[in-house]
Amino acid sequence: MPNYNYYNELLERGEVLNRTNSGLCNILEVADSQTNNKAGLFHIVGLHGFSQYADYINTAGAIMGFHHFNTRNATVVAELGNLTNTCPVRMTFELHDTGRNERIAVKELSNVLTRDSRLPCGIMGATKSSVSIPIATLSHFYDLPQINWSSGTDDLSNRELYPYFVRTIPASGAKAIAAVKYLSSIDVKHCVALHKNDAYGNAYRRAFQQAAQVAGILVRTVVYSPETPYEAINAVKATKFRYTYCCVVSRDYETI
């Protein structure tokens, strides 16, 4: 069975016969001039910010997933083995480094969407919520499904603004409710919410405050910046509250 790279090469050299709409997905029907076979190709554009080791791990996992889908490798996902005779589509993938910056991400995706060939059928990414929001606006405009694995802001749950955005993680609001339930179970009445001043941090903080208010927990908020961590820690200390809930990303925990 052809491997992942075969289909990427086919996308480059094949003649586009048709662009078939199937629900949300535009599938490219391509003729392979070397084998005279037709193939349905679902082309994905990945928008990643490569600033952490985890970014490379996530990308490697995605590429492995595409390879397993194309080769019907069922070692991880058993259901892929059942697609051999039922799903003629294969996936291709290109990757763009956004630097975790919304301006770069929008520019990269705009260039892809306005070129003459290799148009995408879907979008994967971006990493930060502040980057995913403008990308989700573009995906709505072009009717392209967007799948995300790390942007947790509740703002992206708005189905009217972002109808094609889906994610594999819970929104920050769901995590906030779970955290408040736990704090209530150990009889916490006062808590500091330490958060970043960005789309993810502010949405997470709002959700936590709302859930805490319902539960009768008094919350004081403190803004955290990686550039000035001691200011935030001193502000937390000044509240004299025993408990602090951190609405931050994993790389900030060690410093905190």
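Residues numbered from 1 in each chain as written. Predicted model: local features only at pLDDT ≥ 70, side-chain atom pairs only at ≥ 80, totals over all residues. Heavy atoms only, no water.

1. Examining the packing of helix α3 (residues 102-113) against helix α4 (residues 129-141)
Between α3 and α4, the least distance of the axes is 8 Å, while the angle of their chain directions is 30°. Here α4 runs roughly parallel to α3, going by the angle between their axes. Note on packing geometry: the crossing formed by α3 with α4 is right-handed. Contact with α3, carried on its side by Glu102, Ala105, Val106, Leu109 and Ser110, involves Ser130, Val131, Pro134, Ile135 and Leu138 of α4 and no other residues of that element. (Axes fitted to C-alpha atoms, helices over the stretch in contact; angles between N-to-C directions. Helix = DSSP H or I, 4+ residues; strand = E, 2+ residues; numbered from the N terminus. Parallel < 35°, antiparallel > 145°, perpendicular 65-115°, else oblique. Left-handed = near helix turned anticlockwise from the far one by under 90°. Contact = heavy atoms within 4.5 Å.)

2. Some remarks on the layout of surface pockets
In this model, the largest pocket occupies a volume close to 510 Å³. Arg100, Ser150, Val249, Ser250 and Arg251 are the residues nearest the centre of the largest pocket, which is lined by 23 residues in total. Elements supplying a minimum of two residues to the lining of the largest pocket: α2 (53-71) and α4. Class assignment of the residues belonging to the lining of the largest pocket gives a composition of seven nonpolar, nine polar and seven charged. (1 Å grid on protein atoms, 1.4 Å probe; cavity = no way out; pocket = protein on both sides within 12 Å on 5 of 7 lines; lining within 4 Å. Points joined across faces, edges and corners; volume = space filled by probe spheres on them. Nonpolar A, V, L, I, M, F, W, Y, C, P; charged D, E, K, R; others polar.)

3. Some words on the sheet that holds strand β9 (residues 218-223)
Sheets are built from strands that pair by backbone hydrogen bonding, the pairs being arranged parallel or antiparallel. The three strands are arranged β9-β8-β10 in an open sheet whose pairing can be described as parallel. Lying at the two open borders of the sheet, with one neighbouring strand each, are β9 and β10 (244-247). Adjacent strand axes in the sheet meet at a mean angle of 25° when their direction is disregarded. Looking at chain direction, strand β8 (residues 190-195) and β9 are connected through six bridges and run parallel. Paired with Val192 across the bridge in β9 is Arg220. (Pairing = 2+ DSSP bridges.)

4. Structural notes on the side chain of Lys196
Mapped onto the elements of the fold, Lys196 is located in the loop between β8 and α6 (199-215). The buried category is assigned to Lys196, whose relative accessible area is 12%. Within polar-contact distance, the side chain of Lys196 engages the side chain of Asp252 at 3.1 Å. (Buried < 20%, exposed > 50% of the residue type's maximum accessible area, 1.4 Å probe, protein only. Polar contact = N/O pair within 3.5 Å; in protein donor to acceptor, adjacent residues only side chain to side chain.)

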